[in-house]
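Each chain, written out:
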Amino acid sequence: MGFGETLRRVSRFFSRLELRLLWRNSGCKYTCHADCRDLVSLDCHPAGSPPPSQDQINNNTPPHDVEKDRELRTEFSREEIGQKIDQYNMLTRDLLKMTLSPTGVYTGFIKVQMDLRRPVTVRGGQKGAGGGRVEEAFYLPRGVTNTLHISSNNTVKQVIVALLNKFTVADNPAKYGLYKRYRREDQVYVCKLADDEQPLFLRLVAGPDGDTLSFVLREQHGEVMWDAFSIPELRNFLRILDKEEAEQREAVKRRYDAYRLRLQEALSEVRGASEGRSL
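None of these values were measured; they are calculated from a predicted model.

Participant: Please provide a residue-by-residue account of the overall build of the protein chain, values included.
Facilitator: On a plain count of helices and strands, the protein chain comes out with seven helices and 10 strands. Within the span of the protein chain, comprising 279 residues, buried residues form 28% of the whole. Considering only residue pairs separated by 6 or more positions, the protein chain has 62% of its internal contacts joining residues 24 or more positions apart. Just so you have it, the protein chain exposes about 18,400 Å², and 52% of that area is on carbon and sulfur atoms.

This is the structure we're talking about:
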């Protein structure tokens, strides 16, 4: 198999797993890609609510969103942080509380849901002939939630590395992204976090309610970064493709064998009925 055919097969493997996220306006039900939401100007409004003013329509001025302003604020005094931590610990229903140190750095827990659609390369406990660890590729169970104890200084990039190390994943961390999933009004949005953002700060601002804010680990969307994959990883992908193709062939063969059997039985019944009438 040539290298070009290998790339085409791996591209098909990823393209059919691509996740498309759509955003729908709660007023006029206009639908577009989530990444294009900020580029779209709408003058619709929910039923029963007053229409936007002419100044808002002409100047494209969005309505004031106090909740969004609260999320965009990234700096608080030590007193404000202490108050928010006390409020957070009062609202949390489990033992995953936050702690503020005398230096102003606070620690706490975040839960991250694993939503990986592609196989990962995991370091095994056994050593190979060359002395290195044996690596295997397999699918991690989707929907599994992991709890990490982090500090307010930890960034998204560090959280991703910690998650991969927890599962002994040998893949390049650049393949993955940490996303925040949050609810606003009756809509659920998913947004990729920047590498330098601090997840524990987002958790503190949003509160302990998982419906208000949750974290999800996913593969990076968009164009596949071929440089991030090693030759053994690409070979593992091809082995998985070969296995899937063989399973699909067997399923099609079984389906048509069963159809052929039913067709032969139906033809036998028709011939038997015809011979009976001729007698």
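Participant: How would you sum up the packing of aromatic side chains? Please name residues and give values.
Facilitator: A complete count under the given rule lists two aromatic pairs for this structure. Centre to centre, the rings of Phe 76 and Phe 201 are 5.8 Å apart; their planes meet at 40 degrees, and the pair counts as tilted. Of this pair, Phe 76 sits in the loop between helix H3 (66–72) and helix H4 (78–91) while Phe 201 sits in helix H6 (residues 199–206), placing them 125 residues apart in sequence. Judged by relative accessible area, which is 9%, Phe 201 ranks as buried. With 5.5 Å between their ring centres and 35 degrees between their planes, Tyr 182 and Tyr 189 make a pair best called tilted. Grouping residues by exposure puts Tyr 182 and Tyr 189 together as buried. Its guanidinium or amino end placed over the ring of Tyr 182, Lys 180 lies 5.2 Å from that ring's centre, counting from NZ or CZ. Cation over ring: Arg 218 sits above Tyr 179, and NZ or CZ is 5.9 Å from the ring centre.

Participant: Residues and numbers for a nonpolar patch on the surface, please.
Facilitator: On the surface, Val 252, Tyr 256, Tyr 259, Leu 263 and Leu 267 cluster together into a nonpolar patch covering about 480 Å² of accessible area. Take Tyr 256: it is sitting in helix H7 (residues 231–278).

Participant: Describe the pairing of strand S10 (residues 213–219), listing the residues and the values that go with them.
Facilitator: Of all seven residues making up S10, seven are buried, and the element is well covered by its neighbours. For strand S4 (residues 106–114) and S10, the ladder comprises three bridges, and the chain directions are parallel. Residue pairing across strands places Val 112 opposite Phe 215, the latter belonging to S10.

Participant: Lay out the pattern of salt bridges in plain terms, naming residues and giving numbers.
Facilitator: If you walk through the whole model with that rule in mind, you get six salt bridges. A salt bridge links Arg 260 to Asp 257; the nearest nitrogen and oxygen atoms lie 2.8 Å apart. Of this pair, Arg 260 and Asp 257 both sit in helix H7, three residues apart, which is roughly one turn of the helix. Take Asp 257: its relative accessible area is 31%, and that puts it in the partly exposed class. Each of Asp 115, Arg 142 and Arg 218 takes part in salt bridges that share partners, so that together they form one network.

Participant: How would you sum up the confidence of the model for the protein chain? Please name residues and give values.
Facilitator: Here the protein chain averages 75 in pLDDT, while 65% of its residues score no lower than 70. Of all the helices and strands in the protein chain, helix H2 (residues 54–59) carries the lowest mean pLDDT, 39, while strand S3 (residues 99–100) carries the highest, 95. Taken as a whole, residues 45–71 scores under 50 in pLDDT and shows 19 contacts with residues more than four places along the chain or in a different chain.

Participant: Run through helix H5 (residues 156–166), naming residues and quoting values.
Facilitator: By the burial criterion, the buried members of H5 are Val 156, Val 159, Ile 160, Leu 163 and Leu 164. Seen along its axis, H5 keeps its buried residues to an arc of 135 degrees; they face one direction. Residues of H5 that are buried in the fold lie against S4, strand S7 (145–151), strand S8 (176–184), H6 and S10. Positive phi appears at Thr 168, one or two residues downstream of H5, with a value of about 50 degrees.

Participant: Give a description of the environment of Asp 195 that names residues and reports values.
Facilitator: When you line up the elements, Asp 195 lands in the loop between strand S9 (187–192) and H6. Given the relative accessible area of 43%, Asp 195 is considered partly exposed. When the C-alpha atoms of Asp 195 and Val 159 are compared, they prove to be 9.4 Å apart, with 36 residues separating the residues in sequence. If near-sequence neighbours (up to four positions away) are discounted, Asp 195 is found in contact with Thr 155, Val 156 and Lys 157.

Participant: Explain the nonpolar core residue by residue, including any values.
Facilitator: Counting residues in hydrophobic clusters, the biggest one holds 34 residues, and the most contacted among them are Tyr 106, Ile 110, Tyr 176, Leu 178, Phe 215 and Leu 217. Among the elements of the structure, H4, S4, strand S5 (120–127), S7, H5, S8, H6 and S10 are those that each provide at least two residues to this core. Those residues in contact with Leu 178 that lie beyond four places of it in its chain are Val 112, Val 156, Val 159, Ile 160, Cys 191, Lys 192, Leu 193, Pro 199, Phe 215, Val 216 and Leu 217.

Participant: Could you give an account of unusual backbone geometry, with specific residues and numbers?
Facilitator: Within the chain, Thr 168 stands out as a residue other than glycine whose phi angle is a positive 50 degrees. Position of Thr 168 among the secondary structure elements: in the loop between H5 and S8. The class of Thr 168 is partly exposed, set by a relative accessible area of 32%.

What counts, and where the lines are drawn
Residues numbered from 1 in each chain as written. Predicted model: local features only at pLDDT ≥ 70, side-chain atom pairs only at ≥ 80, totals over all residues. Heavy atoms only, no water. Helix = DSSP H or I, 4+ residues; strand = E, 2+ residues; numbered from the N terminus. Buried < 20%, exposed > 50% of the residue type's maximum accessible area, 1.4 Å probe, protein only. Contact = heavy atoms within 4.5 Å. Areas by Shrake-Rupley, 256 points an atom, 1.4 Å probe, with all protein chains shown as cover. Phe/Tyr/Trp six-rings, centres within 6.5 Å; stacked < 30°, edge-to-face > 60°. Lys NZ or Arg CZ within 6 Å of the ring centre and 35° of its normal. Patch = residues over 30% accessible without salt bridge, like charges linked within 9 Å, V, L, I, M, F, W, Y side chains within 5 Å. Salt bridge = Lys/Arg side-chain N within 4 Å of Asp/Glu carboxyl O. Pairing = 2+ DSSP bridges. pLDDT = per-residue confidence, 0-100. Arc of directions from axis to C-beta. Core = buried A, V, L, I, M, F, W, Y, C linked by side-chain atoms within 4.5 Å.

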